[in-house]
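Observations on the three-dimensional arrangement
These are the residues of each chain, in order.
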Amino acid sequence: MIKNYIVILACFVMTAACQPTVRKIGTPVAEPAEATVSDAAVADAIKAIGTETPGSNADLIEKGVRHAASLWRTSDGTPEDFVKFCSENYIADPAKKEASFIRFSEYLESLYGHFNKLSLDMQENVQLQKGDVLPIDPMFAAYNPGAHLMNDFYDNKIAFIIALNFPYYSTEEKNISGPNWTPLEWGYARLGDVFSSRVPSDLVQRQSKVMAEGDAYIADYNIYMGNLLNDSNEKLFPENMVLLSHWNLRDEIKANYANKETGFRKQALIYKVMERIVDQSIPKMVINSGNQDWNPLTNEVFVSGTKTEAEAETDGRYQQILNNFHVFQALDAYNPAMPTAIQRAFSAGMQIPQPEVQKLFNEFLSSPQVQDVAAIIKKRLGRELSPWDIWYDGFKARSSISEEKLNAITEKKYPNAQALEADLGNLLLKLGFTKEKANFLASRIAVDPARGSGHAWGASMKAEKAHLRTRIPATGMNYKGYNIAIHEFGHNVEQTISLNDVPYYMINGVPNTAFTEALAFVFQERDLFLLNMKDSNPEKEYLKTLDIFWSLYEIMGVSMVDMKMWQWLYANPAATATELRDAVTEISKDVWNTYYAPVFGQKDQTVLGIYSHMINSPMYLPNYAFGHLIHFQLEEHFKTHEFAPEVLRMYALGQLTPNEWMKQAVGAPLSNEAILKAAETAVAKLK
Ligand SMILES: [Zn+2]
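Residues numbered from 1 in each chain as written. Predicted model: local features only at pLDDT ≥ 70, side-chain atom pairs only at ≥ 80, totals over all residues. Heavy atoms only, no water.

**Concerning the packing of helix α22 (residues 513-525) against helix α29 (residues 643-651)**
Running from amino to carboxyl end, α22 crosses α29 at an angle of 170°, the nearest separation of the two axes being 12 Å. In terms of orientation, α22 and α29 fall into the roughly antiparallel class. You can see that α22 and α29 cross each other, and the crossing is left-handed. Only F643, V647 and Y651 of α29 make contact with α22, whose side of the interface consists of F515, A518, L519, V522 and F523. A per-class count over the contact of α22 with α29 returns 8 nonpolar, no polar and no charged. (Axes fitted to C-alpha atoms, helices over the stretch in contact; angles between N-to-C directions. Helix = DSSP H or I, 4+ residues; strand = E, 2+ residues; numbered from the N terminus. Parallel < 35°, antiparallel > 145°, perpendicular 65-115°, else oblique. Left-handed = near helix turned anticlockwise from the far one by under 90°. Contact = heavy atoms within 4.5 Å. Nonpolar A, V, L, I, M, F, W, Y, C, P; charged D, E, K, R; others polar.)

The structure is reproduced here in structure tokens:
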């Protein structure tokens, strides 16, 4: 898990991950943004700059003027004011432009860096083990000190100077021109990302409200498992078991692979519950309530043993999604460069155009390796596949070293946070970093005792440290905690390199979250090595590969449903919740029939529509797949390249586009090739 790693982007690009929620907000109108600068005024401004600065690049002038005009509102001035503003503020001289860019970078580093530091301070009492949480602590933790920065910069016109001189380039444009850009030109383009949209604050608030409602809807969607009946009127689950949809339901399916007696029957019952959530035939009264018994197979409800008429939820789930769509659609008019939520989630948030994501997923889902891995699962299960086996959990390899032994080692080695902090340099030396680099990186990472399971929170200015938050019990760090801490350490190393070693501050960071996740996985894989230990179970690596392969097969399928649902919404903007429900049912079946039916031998399953992310994190699901794709591409590269120098080189590339980063890092664009190849090897070994 990472926190705030991409503070800068997340602030300005309204990504799904930022703030998911929806409430009933009435009619789905996209409020038109006022186009206050006419084409004639734009032409005048271009002409005025041309006269003022003869010989300058006409295309660049036009791009800057058009971009600034798209953000200008009546309150900013008259069209004449706009023309005057452009001719007075255009920086034609390359040396002056570079000097201005450096100044902007310095100011923004100070602002972002301090806002990030303020957020860290405001949240410290809630997140760290620092005694009782007082009632005021969560209030400060929820406060965002930098919330008004963007509006302020439109008011004082700094935003327009940047928009005019450092115009916005779409991801598609960056992918085309980027290969020829110098780091300085990448810096210009990233500065151009800062002011790409201008959303009125009431709309931002409306979006927050809608997303908060989605969160609340999801948070209260519990199934009382002790009240579930099967066809023999048996209750298979413990009386007080309450599971949150969909995460806990899915995890309970996973947990029951180890249960040889009732596991299969329990899984089948959970699966039926999921189907009823997707098609909304689930009785409303059984959601978040244990006051009645419910047989998901027949859909009968019993109160005190007596059969009761129970109204179905009908469309609650899809109304939430529709509310999301309406508020996201209302933002379209204020994002001239990315006028659909799909473009904003993919081209801006993930920085991979949506068609490319779909193409990559299609390739993976259709790969012959899927059938090979499925055959191994069938063999291990000793039965034909059931649809819920998309969550097959039997590739977990037993380690050759006992957990007790590992706990004893980590508890002794890391009795507290300070002990881990003091050891970071040694860990880096062991990974092959030079003494100088190891010392530097270690000196930039603070280890804090977390209340939760931990996270990595990067700095946003070079003067600040990254924070590794980890939970350490009084008895010392156990192996599970250590394993997670090494994952977070990978994030911190990425955060530190990609802030301090990039050529320009404006390109600090990585293209998207998957890139930091990949290095975290790479570190996590080496956790035993860092303890001077080696697992001698020869199958472990192969099983792990297949485990990741199969989870990618699942996540890419649910991502496909999510993406196709949004495409459908944009094609049917006036749809009702009922129409949306029917569409999602059809899309889920369609994706299933294309990629899963040939493997599972059963058609028309709807379960791929079950993910709660579809409600509270619109279009975030596809992000999950990329961390592992990149992870495998990096591991493939490390087989023939020296680890530490390559980590330093790659993560100093900064925020290129994902494809450009991969090409410069490992010599090939983002692809499925490495994981498919690894799966093939694993299948051959385990057959
Ligand atoms: Zn992580």
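**Thoughts on a nonpolar patch on the surface**
Taken together, the side chains of L134, I136, M139 and F140 present a nonpolar region at the surface, about 440 Å² in accessible area. You can see F140 is positioned in helix α6 (residues 136-141). Given a relative accessible area of 47%, F140 falls into the partly exposed group. (Patch = residues over 30% accessible without salt bridge, like charges linked within 9 Å, V, L, I, M, F, W, Y side chains within 5 Å. Areas by Shrake-Rupley, 256 points an atom, 1.4 Å probe, with all protein chains shown as cover. Salt bridge = Lys/Arg side-chain N within 4 Å of Asp/Glu carboxyl O. Buried < 20%, exposed > 50% of the residue type's maximum accessible area, 1.4 Å probe, protein only.)

**A word on helix α15 (residues 341-350)**
Each α-helix turn comprises 3.6 residues. Residues three or four places apart therefore point the same way. Along α15, 9 of the 10 residues are buried, which leaves the element largely enclosed by surrounding structure. Those residues of α15 lying buried are A341, I342, R344, A345, F346, S347, A348, G349 and M350.

**Description of the sheet that holds strand β5 (residues 300-303)**
Here 3 strands make up an open sheet; going across it, the order is β4-β5-β6 and the pairing antiparallel. Of all strands in the sheet, those bounded by a partner on one side alone are β4 (293-295) and β6 (306-308). Here the average twist between neighbouring strands, direction ignored, is 35°. Pairing of β5 with β6 involves 3 bridges; the strand directions are antiparallel. Looking across to β6, one finds that V301 is bridged to T308. (Pairing = 2+ DSSP bridges.)

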